[in-house]
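# Understanding the architecture of this molecule
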Amino acid sequence: SSISVHFYLMEALTLFGEHKRYAITEDSGKWMVRSIMIGDATWVLGSLLDVILSYFYLLDDTSDWDVSLVVLAIIAALGWLICSIIYLGIYAYDYYEANHNVYSLNVT
């Protein structure tokens, strides 16, 4: 688990930086860009907290009973949850818009 959280953090930082280099699309509004940036930021936050916590769990035998570390683990999990909810919402909206535009083109 300690190795995988480092890979997740590297992937999160890569994707977070990628949005700064490339425009998402010209059609998407500011809310879409902001939503993706917020989703990426919560992914980076969750990954970073998981990496920090992995070092506590590896190096300290008594860290399993530390309440503050458990609270940080819950915050990291909430970061992952918020990220996935935002991404699912963006996907659902994009899917709806793509199908709605196809149907409207066929009607006219």
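The rules behind the values
- Residues numbered from 1 in each chain as written.
- Predicted model: local features only at pLDDT ≥ 70, side-chain atom pairs only at ≥ 80, totals over all residues.
- Heavy atoms only, no water.
- Helix = DSSP H or I, 4+ residues; strand = E, 2+ residues; numbered from the N terminus.
- Buried < 20%, exposed > 50% of the residue type's maximum accessible area, 1.4 Å probe, protein only.
- Areas by Shrake-Rupley, 256 points an atom, 1.4 Å probe, with all protein chains shown as cover.
- pLDDT = per-residue confidence, 0-100.
- Patch = residues over 30% accessible without salt bridge, like charges linked within 9 Å, V, L, I, M, F, W, Y side chains within 5 Å.
- Salt bridge = Lys/Arg side-chain N within 4 Å of Asp/Glu carboxyl O.
- Phe/Tyr/Trp six-rings, centres within 6.5 Å; stacked < 30°, edge-to-face > 60°.
- Contact = heavy atoms within 4.5 Å.

## Observations regarding the overall build of the protein chain
- Helix and strand counts for the protein chain stand at three helices and zero strands.
- Tracing the protein chain from N to C terminus, the helices and strands come up as α-α-α.
- Classification of the 108 residues of the protein chain by burial places 23% in the buried group.
- Within the structure as shown, the protein chain displays about 7900 Å² of accessible surface, and the carbon and sulfur contribution to it stands at 69%.

## Let's talk about the confidence of the model for the protein chain
- Summing up the model confidence of the protein chain, the mean pLDDT is 79 and the portion of residues at 70 or higher is 78%.
- Element-level mean pLDDT values for the protein chain span from 77 in helix α1 (residues 2–21) up to 86 in helix α2 (residues 30–59).

## A short note on a nonpolar patch on the surface
- On the surface, Tyr-57, Val-70, Ile-74, Leu-78, Leu-81, Ile-82 and Ile-85 cluster together to form a nonpolar patch covering roughly 610 Å² of accessible area.
- Among the elements that take part in the nonpolar patch, helix α3 (residues 67–107) stands out by supplying six residues, more than any other.
- Within the fold, Ile-82 resides in helix α3.

## Some thoughts on the packing of aromatic side chains
- Going through the model one piece at a time under the given rule, you end up with three aromatic pairs.
- Members of the aromatic cluster, connected to one another through ring pairs, are Tyr-8, Trp-43 and Trp-80.

## Observations concerning the environment of Leu-78
- Here Leu-78 shows up in helix α3.
- Sequence separation between Leu-78 and Trp-43 is 35 residues, and the spatial gap between their C-alpha atoms is 9.6 Å.

## Some details on the environment of Leu-45
- Position of Leu-45 among the secondary structure elements: in helix α2.
- Taking the relative accessible area as the measure of exposure, Leu-45 reaches 42% and is therefore partly exposed.
- Between the alpha carbons of Leu-45 and Ala-76 there is a distance of 6.9 Å; along the sequence they are 31 residues apart.

## A closer look at the side chain of Ser-35
- For Ser-35, the position within the fold is in helix α2.
- By relative accessible area, which is 19% here, Ser-35 ends up buried.
- Excluding its chain neighbours within four sequence positions, the residues that come into contact with Ser-35 are Ile-86 and Ile-90.

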